[in-house]
Amino acid sequence: MTEKKLQVSAIQNGTVIDHIPADKLFDVIDILGLDKINNQITFGTNLESKKMGLKAIIKLSDIFFADNEINKIALAAPEAKLNIVKDYQVVEKKIVEVPDSISGIAKCGNPKCITNHEEIITKFQVVNKKKVALRCHYCEKITDSEHMEIF
Ligand code: CTP
Ligand code: ZN
C-alpha cells in the first residue's frame, strides 16, 4: 500500500475548502475576500481528483466562517466541501448550499441595467440552484452561470 501524501500541508486549526473546480479558485478567493485577510492561507490548484478532474483546495488557518458567508461560494463552486479542523483533526464537514438571494457578489449581465451605470449594489433572486441562474432585482433579467461575472 502506498502512503497518502498531502499535496498541501495539513493545518492545525481552521477551515479547509476542498473540491473547488480548478478554474474557479480565484472566484472563490474574490467572493470570500481572502486578499484582505492576514491569516495564514495556503492553496493548491490543478491537483488531480478522481471525482472531478482538476481541483483546487484552500486552507485557512484560524478562520471559521458563518454559514451565510460560506454559502456565497456556492455560486462559483457548488460542489465545494468544507472541513473544520481543530487540533489537526477534521471535526466537522459541511457542504455549501446555494442561497435564495445574493447581493453584491455578481454583476448583472444586462448592459443596460442601472447597476452597471450607477453605484448600486447588485441584488439577485436565485431562480435556479442546480445550474445557477440569477434574476436581477432591478431589471429582472436573468444572468446564467455561463455569463456570470463575479466582482
Ligand atoms: N486536512 C488538513 N489539515 C488537517 C486535516 C485535514 O488540511 N489537519 C485536509 C485534508 O488534506 C483534506 C481535507 O482536510 O483535503 C479533508 O480531510 P479528510 O476528511 O481527512 O480527507 P478525506 O477523507 O479525503 O475527505 P473527503 O471527505 O473530501 O473525501
Ligand atoms: Zn440588472
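Conventions used here
- Residues numbered from 1 in each chain as written.
- Chains lettered and ligands numbered in written order.
- Predicted model: local features only at pLDDT ≥ 70, side-chain atom pairs only at ≥ 80, totals over all residues.
- Heavy atoms only, no water.
- Helix = DSSP H or I, 4+ residues; strand = E, 2+ residues; numbered from the N terminus.
- Polar contact = N/O pair within 3.5 Å; in protein donor to acceptor, adjacent residues only side chain to side chain.
- Contact = heavy atoms within 4.5 Å.
- Near = heavy atom within 4 Å.
- Areas by Shrake-Rupley, 256 points an atom, 1.4 Å probe, with all protein chains shown as cover.
- Pairing = 2+ DSSP bridges.
- Domains from an automatic or database assignment.
- Buried area = accessible area lost by both parts, 1.4 Å probe.

Draft legend 1. Representation of the side chain of N71. Examined against the element boundaries, N71 turns out to sit in helix α2 (residues 67–71). There is a polar contact of 2.9 Å between the side chain of N71 and the backbone nitrogen of E97. The contacts of N71, once residues within four sequence positions are left out, are V96, E97 and P99.

Draft legend 2. Structural context of the site of ligand 1. Contacts to ligand 1 come from 14 residues, most closely from I11, H19, K59, Y88 and K93. One of the side-chain N or O atoms of H19 is found 3.1 Å from an oxygen atom in ligand 1. Separating an oxygen atom of ligand 1 from a side-chain N or O atom of K59 is a distance of 2.7 Å. In isolation ligand 1 has 600 Å² of accessible area, and contact with the protein removes 70% of it.

Draft legend 3. Representation of the pairing of strand β4 (residues 81–86) within the structure. Here 5 bridges tie strand β1 (residues 14–21) to β4, and the two strands are oriented antiparallel to one another. Among the inter-strand pairings, T15 is bridged to a residue of β4, identified as I84. As paired strands, β4 and strand β5 (residues 89–95) are joined by 6 bridges and run antiparallel to one another. Bridging across to β5, V85 finds its partner in V90. Where β4 folds back on β5, the antiparallel hairpin that results is connected by 2 residues, among which D87 adopts a positive phi of roughly 50 degrees.

Draft legend 4. Layout of the domain arrangement of the chain. By the assigned domains, the chain splits into domain 1 (14–95) and domain 2 (101–150). Here domain 1 and domain 2 have C-alpha centroids that lie 24 Å from each other. Between domain 1 and domain 2 the total buried area reaches about 530 Å² when both faces are included, carbon and sulfur atoms providing 86% of it. When the buried area of domain 1 at its contact with domain 2 is split by residue, I31, K72 and L75 rank highest and sum to 74% of it.

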